[in-house]
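# Understanding the architecture of this molecule
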Amino acid sequence: VEADYAIKDIVAPDDDNDENLVESAACVKIGADDEEKDMLSDDLYFVDGAREKFVRFSRQEYHPSGSVSSLAKRHWGCEATDSSLRSLMKNLDGRGLREASLKSSLKEIVEAIAVVSADVGTESSVDTKETKGKDTKIKDQVSGDEEQFSNAVALARSQHGAGVGKIAFDLIEDATTALRQRVRLRKVPDPIDAPEEVEYEMGTITSWKMVEVVSQDGQTNAGNGDESNGDAGAATVAPTKTIPIWRLDIDNGGEAELTSYEVVEGISRFLMWRTQYAGYSEENYDLKQYRNSMGRFCGKAADAPHASTPAFFARLMIKKEQDLYPPLKNRLYENNWGGKSGERNAWIASVKEYAHDMETLRNGLLTLEDVFFGFCGGFAALEGVEGMAPAMNDERSGRDLLLDDKLRFEIELESFGQYAKSGLWNSPNTRKIFKEIVASCKNVGTLALCLDLLCRNTKAYLDATQPKTTTRKAAASSSAVFDQPDLYWGSSRRSAARQTSYSQFFD
């Protein structure tokens, strides 16, 4: 599950932040801050503490602490306590197939945790008695691995130079020991059938020891040297060597023994994951499965990783233009966009050919807005409207309008209600601000929002100006023996061109 960072005013390097759960407010911010003064009422300044209380309450939309005024980063967390697991179980519906199995599994886990916690005292006392008589086993050490860790780093550096793995040696060069270091393990449960399914585990190195292993194929020679030398006919025993092994305490339970290279790689992977090292990425198999299952809602599943690229935005913009152009052209008798001038074909060809260029996308969106603006009649319907004269005569640019705090708080970019009939935009200032946002944005996400706003306003205009026909009886004319449609604004060109009576040619 996703969890929020714990916000702290100043995070010192020596703070206990091994799990990367504590960050400063400046480090968790994403994007620009909210213009909070637009939301503050003048009445709040006359009440002590009201302004700070309202600001903190409004910021809780982004973070529970109320100390961040923009989107906040989140990290992957887990249900780690007995109470959190029980609350999760209560929210699951036992009637569903998947939720029922998950609920039963969680119930077994919670019961096992309760049993284990009850038997901790007895098991620890029994283990202490059993280990007293086993002095022959190699004991784990909790200090003194500096030399072995230095040799492990040197060995990993030599192997890394040959193209084995990826280790950030600049992050671990200051580490002198592997003990009490955080490690992030990468595991592939089924490398044959599902090599892309990767799991990551976190843990802490608690101890180390020297272990005798076989250097080649054969049996170990631990404590049997005299017997093998005394028997001339005994089989030759392969040579052995002593290597360091570090014990890892996994956060989710269990232990693991790591070799020299695995320790260096795990520590480096944790530091790269924690610091968001440049070029470091992790395969998230669960996210890919979820994305592929949701692909039917957003197009092809294979296109999901590239949905935010400029090329896919260009395809979306062309598709939106093809959807809105046919109903828009029926509102006019003639237009130059889809006629013999070839402007529409040139626009489509330019967007397709230079889809990788952000400047082309911005210009293409501005061109599309200008075309839709002309189809919707411009600002002709706003001329003479009461209260619209100041906006019609306003000569300020879009940037100047955005710098006006009062206007930025009051203006509405979306057209709805009675303003939807007047055209694409509800005022000239709205169009200036829209064009300024498009011209100055530098990411595909903002352009996608602008395109969506343009399409919503266009659809609102189309819904408000649907073709309407009424019938009336011919009163005096003897030649009109059938009902005649009266043409109103918004009728199609076909109905407008149709003549219902021969006498109309001489009227």
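So, a few notes on the structure that sits alongside this text. Since this is a predicted model, take the numbers as computed values, not measurements.

At a minimum axis separation of 9 Å, helix H18 (residues 428-440) and helix H19 (residues 444-464) run at an interaxial angle of 150°. Overall, the two elements H18 and H19 adopt an arrangement that is roughly antiparallel. Viewed along their axes, H18 and H19 form a crossing whose handedness is left-handed. Across the interface between the two elements, Phe 434, Ile 437 and Val 438 of H18 pack against Thr 446, Leu 447, Cys 450, Leu 453 and Leu 454 of H19. Residues belonging to the contact of H18 with H19 are distributed by class as follows: seven nonpolar, one polar and no charged.

A few words on the pairing of strand E9 (residues 240-250). Sheet topology places strand E8 (residues 199-214) next to E9; 11 bridges connect them, and they run antiparallel. Bridging from a neighbouring strand, Val 211 pairs with Ile 243 of E9. Across four bridges, E9 lies against strand E10 (residues 255-258) in antiparallel orientation. In the sheet register, Trp 246 faces E10, and the bridge partner there is Leu 258. As consecutive antiparallel partners, E9 and E10 are separated by four residues, and within that stretch Gly 253 has a phi angle of approximately 110°, a positive value.

Next up on the list: helix H12 (residues 310-329). Helical periodicity: at 3.6 residues per turn, an α-helix aligns residues three or four positions apart in one direction. Between its first and last C-alpha, H12 extends 28 Å over 20 residues, near the 28 Å set by a 1.5 Å rise per residue. At Asp 323, H12 shows its largest kink, close to 25°, and the proline Pro 326 lies no more than four residues downstream. Within H12 the residues assigned to the buried category are Phe 313, Ala 314, Met 317, Ile 318, Glu 321, Leu 324, Tyr 325 and Leu 328. Residues of H12 that are buried make contact with helix H13 (343-353), helix H14 (358-375) and H19.

Sheet strands associate in pairs through backbone hydrogen bonding, adopting either a parallel or an antiparallel arrangement. On the basis of which strands lie adjacent, the open sheet formed by four strands has the order E7-E8-E9-E10 and antiparallel pairing. What marks the edges here is a single partner per strand, and that holds for strand E7 (182-187) and E10. Strand-to-strand twist across the sheet, computed as the mean angle between neighbouring axes with direction ignored, equals 50°.

So, on to the pattern of salt bridges. Counted under the stated rule, the structure contains 18 salt bridges. We note a salt bridge from Asp 140 to Arg 247, for which the minimum N-O separation is 2.9 Å. Placement of Asp 140 in the loop between helix H5 (120-132) and helix H6 (146-161) and of Arg 247 in strand E9 is noted, with a sequence separation of 107 residues between them. Under the relative-accessibility criterion, Asp 140 is labelled partly exposed at 35%. Among the residues examined, Arg 247 registers a relative accessible area of 19% and is labelled buried. The partner of Asp 370 in a salt bridge is Arg 431, and the shortest N-O contact between them spans 3.1 Å. Within this pair, whereas Asp 370 is found in helix H14, its partner Arg 431 is found in helix H18, the two being separated by 61 residues in sequence. Among the residues examined, Asp 370 registers a relative accessible area of 45% and is labelled partly exposed. Where salt bridges share partners, they join Asp 140, Lys 209, Arg 247, Glu 255 and Glu 257 into one cluster.

Reading guide: rules and limits
Residues numbered from 1 in each chain as written. Predicted model: local features only at pLDDT ≥ 70, side-chain atom pairs only at ≥ 80, totals over all residues. Heavy atoms only, no water. Axes fitted to C-alpha atoms, helices over the stretch in contact; angles between N-to-C directions. Helix = DSSP H or I, 4+ residues; strand = E, 2+ residues; numbered from the N terminus. Parallel < 35°, antiparallel > 145°, perpendicular 65-115°, else oblique. Left-handed = near helix turned anticlockwise from the far one by under 90°. Contact = heavy atoms within 4.5 Å. Nonpolar A, V, L, I, M, F, W, Y, C, P; charged D, E, K, R; others polar. Pairing = 2+ DSSP bridges. Expected span 1.5 Å × (residues − 1). Bend = angle between axes of the 7 residues up to and from the residue. Buried < 20%, exposed > 50% of the residue type's maximum accessible area, 1.4 Å probe, protein only. Salt bridge = Lys/Arg side-chain N within 4 Å of Asp/Glu carboxyl O.

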